[in-house]
Amino acid sequence: MDTNDYIEIFLDESNEHLQAVNDQLLKLEKQSDDLSIVDEIFRSAHTLKGMAATMGYEDIASLTHNMENVLDKIRNSSLHVTTEVIDVTFTAVEALEEMVESIAGGNTGKKDVTDLIARLEAIENGKQPEESKEPVAAKEALESLDLDEYQLTVLDQAKEQGFEAYQMEVVLDEGCILKAARAYMVVEAVEQHGEIIKTSPTVEELEAGEVDRFSLIVLTKSPAADVKQSVHKVSEVESADISLYVAVKEEAAPATEEIAATTEEAQTEQKEETQKAVTSKTIRVNLERIDDLMNLFEEVVIDRSRLEDLASEIKNDALQETVEHMSRVSEDMQSLILTMRMVPVEQVFNRFPRMVRGLAKDLNKNLDLDIIGAETELDRTVIDEIGDPLVHLIRNSIDHGIESPEERKKAGKAEKGSLTLRAFHSGNHVFIEMEDDGAGINREKVAAKAIQNGVLTEAQLEKLSDQEVNELILASGFSTAETVSDISGRGVGLDVVKSKIESLGGKLSIESTQGKGSKFSIQLPLTLSILSTLLVDVSEEIYAIPLSSIIETLMLEEKEIMDAHGQRVIDFRGNIIPVVSLRKVFDVEESTTKDSSIQPIVVVKKGNKLTGILVDSFIGQKEVVLKSLGAYLKDVFAISGATILGDGRVALILDPNALVK
Amino acid sequence: MARILVTDDAAFMRMQLKDIVTKLGHEVVGEAENGQVSVEMYQELKPDLVTMDITMPEMNGVDALKEIKKVDPDAKVIMCSAMGQQGMVVEAIQAGAKDFIVKPFTADRINEALSKAL
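Residues numbered from 1 in each chain as written. Chains lettered and ligands numbered in written order. Predicted model: local features only at pLDDT ≥ 70, side-chain atom pairs only at ≥ 80, totals over all residues. Heavy atoms only, no water.

Asks: Talk me through the overall build of chain A; I want residue IDs and the actual numbers.
Replies: In terms of helices and strands, chain A carries 23 helices and 22 strands. Scored against the burial criterion, the 661 residues of chain A give a buried share of 46%. The contacts in chain A between residues at least 6 apart in sequence include a share of 72% that link residues at least 24 apart. Looking at chain A as shown, the accessible area adds up to about 34,000 Å², and 48% of this sits on carbon and sulfur atoms. (Helix = DSSP H or I, 4+ residues; strand = E, 2+ residues; numbered from the N terminus. Buried < 20%, exposed > 50% of the residue type's maximum accessible area, 1.4 Å probe, protein only. Contact = heavy atoms within 4.5 Å. Areas by Shrake-Rupley, 256 points an atom, 1.4 Å probe, with all protein chains shown as cover.)

Laid out in structure tokens, this is it:
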């Protein structure tokens, strides 16, 4: 059957289960005697196995199968949770993730897992008898069965009471997988008709699996055909031949067990602990559909502003009222669609515990990771992008921030470092903070490096605040780590992180106290596609400036703009701030009607730097839909996109950050 | 044509089973994502046959089977299992499961199981 239809849902569910395994494994490491956790892991591995096998991903299936064997042993308390078990299981999960990722990338999902499987098997403690037993005694099963004296006596007595003894030879389907269970079903079917006095191979061997043909002797009053038919009712039975039993020899053979007694063991299977988070009712919707919906809605927003313009021109009360109502409804709709796109930041965070664990091990550090506010929601697009920068920051913290246990001891700190990852909402922003109690940023080191790299002169350095020095580490090509380790400090530094975050419309700032630790905070916008902006006019052109970066708007007289060191500046509440003219930046033609000497200025901020932007006039505040400029116009200076206004004109959206020096 | 209730915690598996079962000319009247739901749906829908995954959250397949058997001793339940669950399968058979199928499923196998059970 064509499995392509399922691939998407397969990937989704696989990832969910892998995540669950990850989480539970970390939990298990802390509370290694909690078997309910093992159950959870087992279940996820199990589901994964089933799905992968169905999709034909043999490697995933066989790896999960071996994981399962190990977990099963733990579950039955015949194996204890050790660091080694956890380590190998983690490695296995990593391999699984790789394979699933490869499948997601359209590849085969194949990987050489023999080594891992061997390790799992080794842990499993000298192979599991159930899986590895040689196919037993297939040949002799076909021959006539021998009975011992006792059985012969039973046979004789039964015959006296009108029972017939039949010998039956059952062959199971080649593809039959759980042969023992199947054999059990056959035996059960036969027992409906009478008593089985002997099986070959023995019951124990049947139960061990891997026996695809066996014989049995049954005492029954039913006709042979009936017995045969019952057996054929069992699935996966290729053939079942029945004939009257003729005792050949009277030699003693190993006694058989009563079949019924053998099944007791199976009932000892543990009951599964059921403790799972209450799930709210959800449906899965492809993200593309929500994106499409958002795009359509954006079109509606454009039409809405067109309607608003028209209504105010026509001045029909009824029309205006309707348009206003529509505006309100569409605002609600907008927030609804936005929340649909929101996903908990957990999706990104939950891969960190394992990563931190691995890093700490590699780097010989001892630390705890605390995650707070994982349920904080963020736009899906932001979530997708924020992972890598966060990984980088965490690596940075563990590698350079947190000291080794010995150093920490010397510094009088607890040997175990702590790293806190915190997410929360505030206003129209989401903050993600990462705080460690490590060494903090070393001002001297950073300063020395900056001078060495020619970023600064000694004289300039004197004037810098600690804050400013800290931010130097965000400059490109900056790494203060003495040795470049595998983990971080490869030169692709924090500047990449910074520019990534800025490209998402966010900000990265650092607070650090030497010897006490550092805190990196990332401020991110809730959504990227609809912005509140101030529309301004420059000659005939309209520009939109995001409200989030505007501090204030001013009307100054031309003469209040001064020149200092070849730079035009203004006095803004006692501070001298530079001004730039949008007209000059974008080389807009001078408009013919330049009337007054009053100059409108928009003051924008970036971090704690301010800049005034000279425009011709303010138009007003407007919600606009951010559209990208398309593939041909990438990286246009100081422009982050464009939007279509109510009257159909196009306005460019400014990226004020680029204008702040 | 039989009315069938599909039970599996993986939506993926339910989808696949449903596909196969439908192609075999049966009707899937309900899908349950765990044993508990399956038991409830059984009472509500009274299907001709239930397919029951073994490893599931809330209530596992064997327990669900036992619950269903309490309500309706004649209920026809086919267990779905993966390799390595011999013990559970045997327990299920003892508890009255009609048959079992092993993942990965093949349409032939499901057809065989269904026609023998019905």
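Asks: Requested: an account of the overall build of chain B, with residues and values cited.
Replies: Of the regular secondary structure elements, chain B holds five helices and five strands. Its helices and strands in sequence order give chain B the pattern β-α-β-α-β-α-β-α-β-α, from N to C terminus. A buried classification covers 63% of the 118 residues belonging to chain B. Here the contacts in chain B between residues at least 6 apart in sequence split such that 62% fall between residues at least 24 apart.

Asks: Give a detailed account of the sheet that holds strand S2 (residues 194-200) of chain A, specifying residues and quantitative values.
Replies: Residues and elements named next belong to chain A. What the four strands build is an open sheet, ordered S2-S3-S1-S4; its pairing is antiparallel. Only two strands of the sheet have a single partner each, and these edge strands are S2 and strand S4 (237-244). Averaged over all pairs of adjacent strands, the angle between their axes in this sheet comes to 25 degrees, without regard to strand direction. In terms of strand pairing, strand S1 (residues 164-172) meets strand S3 (residues 213-220) through eight bridges, oriented antiparallel. By the bridge assignment, valine 171 is partnered in S3 with arginine 213. In the packing of helix H7 (residues 149-160) onto the sheet, the strands contacted are S1, S2 and S3, and the crossing angle to S2 comes to about 150 degrees. (Pairing = 2+ DSSP bridges. Axes fitted to C-alpha atoms, helices over the stretch in contact; angles between N-to-C directions.)

Asks: Report on the packing of helix H1 (residues 7-30) of chain A against helix H2 (residues 35-55) of chain A, specifying residues and quantitative values.
Replies: Residue and element names in this part refer to chain A. Look at H1 against H2: their axes get within 9 Å of each other, and the N-to-C directions meet at 155 degrees. Comparing the axis directions of H1 and H2 gives the class roughly antiparallel. The way H1 lies across H2 gives a crossing that is left-handed. Taken together, the residues of H2 that come into contact with H1 (itself represented by Ile7, Phe10, Glu13, Ser14, His17, Leu18, Ala20, Val21, Gln24, Leu25, Lys27 and Leu28) are Ile37, Val38, Glu40, Ile41, Ser44, Ala45, Thr47, Leu48, Met51, Ala52 and Met55. Of the residues assigned to the contact of H1 with H2, the class counts are 15 nonpolar, five polar and three charged. (Parallel < 35°, antiparallel > 145°, perpendicular 65-115°, else oblique. Left-handed = near helix turned anticlockwise from the far one by under 90°. Nonpolar A, V, L, I, M, F, W, Y, C, P; charged D, E, K, R; others polar.)

Asks: I'd like a description of the packing of aromatic side chains, backed by residues and values.
Replies: By the definition in use, this model includes five aromatic pairs over all chains. Seen in terms of ring centroids, A:Phe10 and A:Tyr57 are 5.4 Å apart; in terms of plane orientation they differ by 35 degrees. Their pairing is tilted. One end of the pair, A:Phe10, is in helix H1; the other, A:Tyr57, is in the loop between H2 and helix H3 (58-75), with 47 residues separating them in the sequence. Pairing A:Phe10 with B:Phe12 gives two aromatic rings, centres 5.8 Å apart and planes at 55 degrees, and the pair type is tilted. Of this pair, A:Phe10 sits in helix H1 while B:Phe12 sits in helix H1 (residues 11-23), on two different chains. Since its relative accessible area comes to 0%, B:Phe12 is described here as buried. The structure contains a cluster of three or more aromatic residues connected by ring pairs, namely A:Phe10, A:Tyr57 and B:Phe12. In this structure, A:Arg182 is placed above the aromatic ring of B:Phe100, and the distance from its NZ or CZ to the ring centre is 3.6 Å. Here the basic side chain of A:Lys221 rests over the ring of A:Phe163, its NZ or CZ set 5.0 Å away from the ring centre. (Phe/Tyr/Trp six-rings, centres within 6.5 Å; stacked < 30°, edge-to-face > 60°. Lys NZ or Arg CZ within 6 Å of the ring centre and 35° of its normal.)

Asks: Describe the environment of A:Arg408, with residues and values.
Replies: All names here are of chain A. Examined against the element boundaries, arginine 408 turns out to sit in helix H17 (residues 405-410). Under the relative-accessibility criterion, arginine 408 is labelled buried at 0%. Taking the C-alpha atoms as reference points, arginine 408 and glycine 515, separated by 107 residues in sequence, lie 9.8 Å from one another. Apart from the residues within four sequence positions on either side, arginine 408 is in contact with Ile402, Glu403, Lys413, Ala414, Glu415, Lys416, Gly417, Asp437 and Gly438.

Asks: Requested: an account of the packing of helix H4 (residues 83-104) of chain A against helix H15 (residues 352-363) of chain A, with residues and values cited.
Replies: Residues and elements named next belong to chain A. Close contact between H4 and H15 brings their axes to 13 Å; oriented N to C, the two are set at 120 degrees. With respect to H15, the axis of H4 lies oblique. Classified by chirality, the crossing of H15 by H4 is left-handed. On the side of H4, the interface is formed by Thr83, Ile86, Asp87, Phe90, Val93, Glu94 and Glu97, while H15 contributes Arg354, Arg357 and Lys361.

Asks: Residues and numbers for the interface of chain B and chain A, please.
Replies: Listed per partner, the contact involves 41 residues of chain B and 44 residues of chain A. Interface of chain B and chain A: buried area, both sides summed, is about 3,800 Å²; carbon and sulfur atoms make up 62% of it. Linking chain B with chain A are two salt bridges. In this structure, B:Asp99 engages A:Arg182 in a salt bridge whose closest nitrogen and oxygen atoms are separated by 2.5 Å. Across the chain B-chain A interface, the total number found is 12 residue pairs in polar contact (both at pLDDT 80 or more). (Buried area = accessible area lost by both parts, 1.4 Å probe. Salt bridge = Lys/Arg side-chain N within 4 Å of Asp/Glu carboxyl O. Polar contact = N/O pair within 3.5 Å; in protein donor to acceptor, adjacent residues only side chain to side chain.)

Asks: Explain the confidence of the model for chain A residue by residue, including any values.
Replies: All names here are of chain A. On average, chain A scores 78 in pLDDT, and the residues at 70 or more come to 86%. Within chain A, strand S13 (residues 541-546) carries the highest mean pLDDT (90), whereas helix H6 (residues 129-132) carries the lowest (38). Here residues 249-279 is modelled with pLDDT under 50, and outside its nearest four sequence neighbours on either side it reaches 58 contacts, counting other chains as well. Low confidence marks residues 482-491, where pLDDT is under 50. Its contacts with residues over four positions away, or in another chain, come to 17 contacts. (pLDDT = per-residue confidence, 0-100.)

Asks: Just give me the short version of helix H10 (residues 224-233) of chain A, but keep the residues and values in it.
Replies: All names here are of chain A. All of the buried residues in H10 are Val227, Ser230 and Val231. One face of H10 carries all of its buried residues, which in axial projection span an arc of 95 degrees. Projecting away from the buried face of H10 at angles above 90 degrees are the exposed residues Ala225, Gln229 and Lys233. Where H10 is buried, its residues touch S1, helix H8 (179-191), S3 and S4. (Arc of directions from axis to C-beta.)

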